[in-house]
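Chains, contacts and geometry: an overview
Spelled out, the chains give:
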Amino acid sequence: MTSTTTSQQELFRFLEDRFACAQACTECARACALRASLVDPDGTENQELVRRKGIMCAEVCDATCRVLSEQNQVDETAIRVQLEWCRQVCLESAHVFDAHPGAEESAEACRACARACGEFLATLC
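The rules behind these values
Residues numbered from 1 in each chain as written. Predicted model: local features only at pLDDT ≥ 70, side-chain atom pairs only at ≥ 80, totals over all residues. Heavy atoms only, no water. Helix = DSSP H or I, 4+ residues; strand = E, 2+ residues; numbered from the N terminus. Expected span 1.5 Å × (residues − 1). Buried < 20%, exposed > 50% of the residue type's maximum accessible area, 1.4 Å probe, protein only. Salt bridge = Lys/Arg side-chain N within 4 Å of Asp/Glu carboxyl O. Phe/Tyr/Trp six-rings, centres within 6.5 Å; stacked < 30°, edge-to-face > 60°.

- The protein chain goes by Ferredoxin in an unreviewed UniProt entry, where it is assigned to Streptomyces mutabilis.

1. A word on helix H3 (residues 76-98)
- Between the first and last C-alpha of H3 there are 33 Å, a value that for 23 residues agrees with the 33 Å anticipated at 1.5 Å per step.
- Burial in H3 covers these residues: Ile79, Gln82, Leu83, Cys86, Val89, Cys90, Ser93, Ala94, Val96 and Phe97.

2. What about the pattern of salt bridges?
- This structure, assessed with the given rule, holds 8 salt bridges.
- A salt bridge links arginine 51 to glutamate 48, with the shortest nitrogen-to-oxygen separation between them at 3.2 Å. Residue arginine 51 and its partner glutamate 48 are both found in helix H2 (residues 45-69); the two are separated by 3 residues, about one turn of the helix.
- On the basis of relative accessible area, arginine 51 is assigned to the partly exposed category, the value being 23%.

3. Topic: the packing of aromatic side chains
- Applying the stated rule across the entire model yields 1 aromatic pair.
- Between phenylalanine 14 and phenylalanine 120, the ring centres sit 5.3 Å apart and the planes meet at 45°, which makes this aromatic pair tilted. In this pair, phenylalanine 14 sits in helix H1 (residues 2-38) while phenylalanine 120 sits in helix H4 (residues 104-124), placing the two residues 106 residues apart along the sequence.
- The exposure class of phenylalanine 14 is partly exposed, given its relative accessible area of 23%.
- Judged by relative accessible area, phenylalanine 120 falls into the buried class, the value being 0%.

Have a look at this one:
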C-alpha cells in the first residue's frame, strides 16, 4: 500500500512540476514577446540584441510549453533536451535584459522560467 501511495505522490508532484513549468514558460513567452515589441527595430545595437533575445526566448518558451502539453507523445530524452535549452535561453535572456532599463519584469520572468525548468528537470532524474 505504501508503494502505491508513494507512486501516486510522485506522479502528482511530476504533474504539478510539469504544469508549473509550462505555466512559467507561457508567462515568460508573453513577457519576452512584449519586451521585444517595445524595442525600436531601428534602435541601437544593444536594443537590437534585446529585441532578438526577446523574440528567441518567446519562441523557445512557447515551443517548450507545447512539448510539455503533448502528454506522452514525446519521449523523456526529448523533454530533457527541450527543458535544458529553454533554461539556458531564459538565463541568457535575463542577463541581456538586466542591462536594459525597463526590462526588469522580463528578466524576472526569464529567471522564474529557468528555475521552473530546472525544478522539473530534477523530477525526471
